[in-house]
Amino acid sequence: MATEPHPQFEFTLVLDGITAVTAKVENALFEAGCDDATISLRQGRVYLTFSRAAATQKDAIISAIQDIHNAAIGAEVLRVDQCDLVTQAEIARRIERSRQLVSQYISGGRGPGGFPAPACKITDTAPLWYWCEVAQWLCANDMISESDLRNAQDITTINSVLEIERQRRIFPESTRMIMESIGTV
C-alpha cells in the first residue's frame, strides 16, 4: 500500500548573522537540506522562502530551522516571517472578508460577540491584535479551521522561542535577570 505524500508548506525564515548571499552560503544551505528554499536578500536581511513537504507546518518549519543551523554558516533564524500583531485590515485580508465586517465583529455588531481585545496601540486609531487570539476566536466561531488555528499557535510559539534565544545571545545577563525576576527560569 502506497503512503500518501506529505503536503507542501510555504513559509519564509528571516536570518540573522549573515548579510550577504554568497556561493559558499548557498552551497552550505543546499548541502544541509535547504534545497527546497530560495535564498534572497532584501533591505540588508537574508531570508529563505521554503516550499517544504512535512506532516505539519510546524514540522516543516522546525526541520528548516534545524537545517539552517546544520549549515554552520554563522546564521541564526530570527523569525518566521509572519507577524503575530495584526491590524483590522490584516485580519480582514487573512480571512478574506471586508474590513467593515471585521469592524462589526470587533464592535459586537455582528457575530457572536466576545471578539478579543486589542493587544497594543489601544488608544491609537489603528490598534493591533494578537493574531493567535483572533484565530482562536475565529475557530471557536467556525470561521477558520482547527488546522489554521494550530498553525497560528505554532508560529507564535516558534517566534517567541526564537526571540528569547536571540535576547539571550545579545543581552545574556539582562535576559537571565529578567527571566529570574518574573519567575520564568
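No experiment lies behind these values; they were computed from the predicted model shown. (Residues numbered from 1 in each chain as written. Predicted model: local features only at pLDDT ≥ 70, side-chain atom pairs only at ≥ 80, totals over all residues. Heavy atoms only, no water.)

1. Thoughts on helix α5 (residues 131-140)
Here is step 1: Burial analysis of α5 places seven of its ten residues in the buried class, the great majority of the element.
Here is step 2: Taken together, the buried positions of α5 are occupied by W131, C132, V134, A135, W137, L138 and C139.
Here is step 3: Phi for D142, located one or two positions after α5, is positive at around 55°. (Buried < 20%, exposed > 50% of the residue type's maximum accessible area, 1.4 Å probe, protein only. Helix = DSSP H or I, 4+ residues; strand = E, 2+ residues; numbered from the N terminus.)

2. Brief notes about the pairing of strand β3 (residues 45-53)
Here is step 1: Side chains of β3 alternate between two faces, with V46, L48, F50 and R52 buried and R45, Y47, T49, S51 and A53 left unburied.
Here is step 2: Two strands pair when backbone bridges link them, and strand β1 (residues 8-16) and β3 are joined in this way by seven bridges, in the antiparallel orientation. By the bridge assignment for β3, E10 is matched with S51.
Here is step 3: Between strand β2 (residues 37-42) and β3, which pair antiparallel one after the other, the connecting turn spans two residues, and Q43 there sits at a positive phi close to 50°. (Pairing = 2+ DSSP bridges.)

3. Here's the deal with the pattern of salt bridges
Here is step 1: Inspection of the entire model under this criterion finds ten salt bridges.
Here is step 2: A salt bridge links R52 to D36; the shortest N-O distance between them is 2.7 Å. Note that R52 is positioned in strand β3 and D36 in the loop between α1 (23-31) and β2, a separation of 16 residues in sequence.
Here is step 3: The buried category is assigned to R52, whose relative accessible area is 6%.
Here is step 4: Judged by its relative accessible area of 23%, D36 falls in the partly exposed class.
Here is step 5: Where D67 meets R52, a salt bridge forms, and the shortest distance between an N and an O atom there is 2.9 Å. Of this pair, D67 sits in helix α2 (residues 57-70) while R52 is found in strand β3, placing the two residues 15 residues apart along the sequence. (Salt bridge = Lys/Arg side-chain N within 4 Å of Asp/Glu carboxyl O.)

4. What about unusual backbone geometry?
Here is step 1: Phi at Q43 is positive, roughly 50°, even though this residue is not glycine.
Here is step 2: Assessed through its relative accessible area of 79%, Q43 is described here as exposed.
Here is step 3: The phi dihedral of D142 is positive, around 55°, even though this residue is not glycine.
Here is step 4: Assignment of secondary structure puts D142 in the loop between α5 and α6 (146-170).
Here is step 5: The class of D142 is exposed, set by a relative accessible area of 72%.

5. Re the packing of α5 against α6
Here is step 1: At a minimum axis separation of 9 Å, α5 and α6 run at an interaxial angle of 165°. As summarised for this structure, α5 and α6 are arranged roughly antiparallel, according to the angle between their axes. Regarding α5 and α6, the two cross each other, and that crossing is left-handed. Across the interface between the two elements, W131, C132, A135, Q136 and C139 from α5 touch E146, L149, A152, Q153 and T156 from α6.
Here is step 2: Taken together, the residues that form the contact of α5 with α6 break down as six nonpolar, three polar and one charged. (Axes fitted to C-alpha atoms, helices over the stretch in contact; angles between N-to-C directions. Parallel < 35°, antiparallel > 145°, perpendicular 65-115°, else oblique. Left-handed = near helix turned anticlockwise from the far one by under 90°. Contact = heavy atoms within 4.5 Å. Nonpolar A, V, L, I, M, F, W, Y, C, P; charged D, E, K, R; others polar.)

6. Quick look at the packing of aromatic side chains
The description of an aromatic ring pair uses the distance of the two centres, along with the angle that the planes make with each other.
Here is step 1: All told, the structure shown has four aromatic pairs when counted by the stated rule.
Here is step 2: Here Y105 and W137 contribute two aromatic rings whose centre-to-centre distance is 5.5 Å and whose plane-to-plane angle is 55°, an arrangement assigned as tilted. Taken together, the residues span a long stretch of sequence, with Y105 in helix α4 (residues 99-107) and W137 in helix α5 at a distance of 32 residues. Considered together, Y105 and W137 belong to a single accessibility category, that of buried residues. (Phe/Tyr/Trp six-rings, centres within 6.5 Å; stacked < 30°, edge-to-face > 60°.)

7. Some remarks on the sheet that holds β2
Here is step 1: One open sheet holds the four strands; their spatial order is β2-β3-β1-β4, and the pairing between them is antiparallel. Where the open sheet ends on each side, the last strands, each with one partner, are β2 and β4 (76-80). Recorded for the sheet is a direction-independent mean angle of 30° between the axes of neighbouring strands.
Here is step 2: Bridge analysis of β1 against β4 gives four bridges, and the strand direction is antiparallel. Across the sheet, D16 pairs through a bridge with E76, a residue of β4.
Here is step 3: Where α6 meets the sheet, its contacts fall on β1 and β4, and the angle it forms with β4 comes to roughly 145°.

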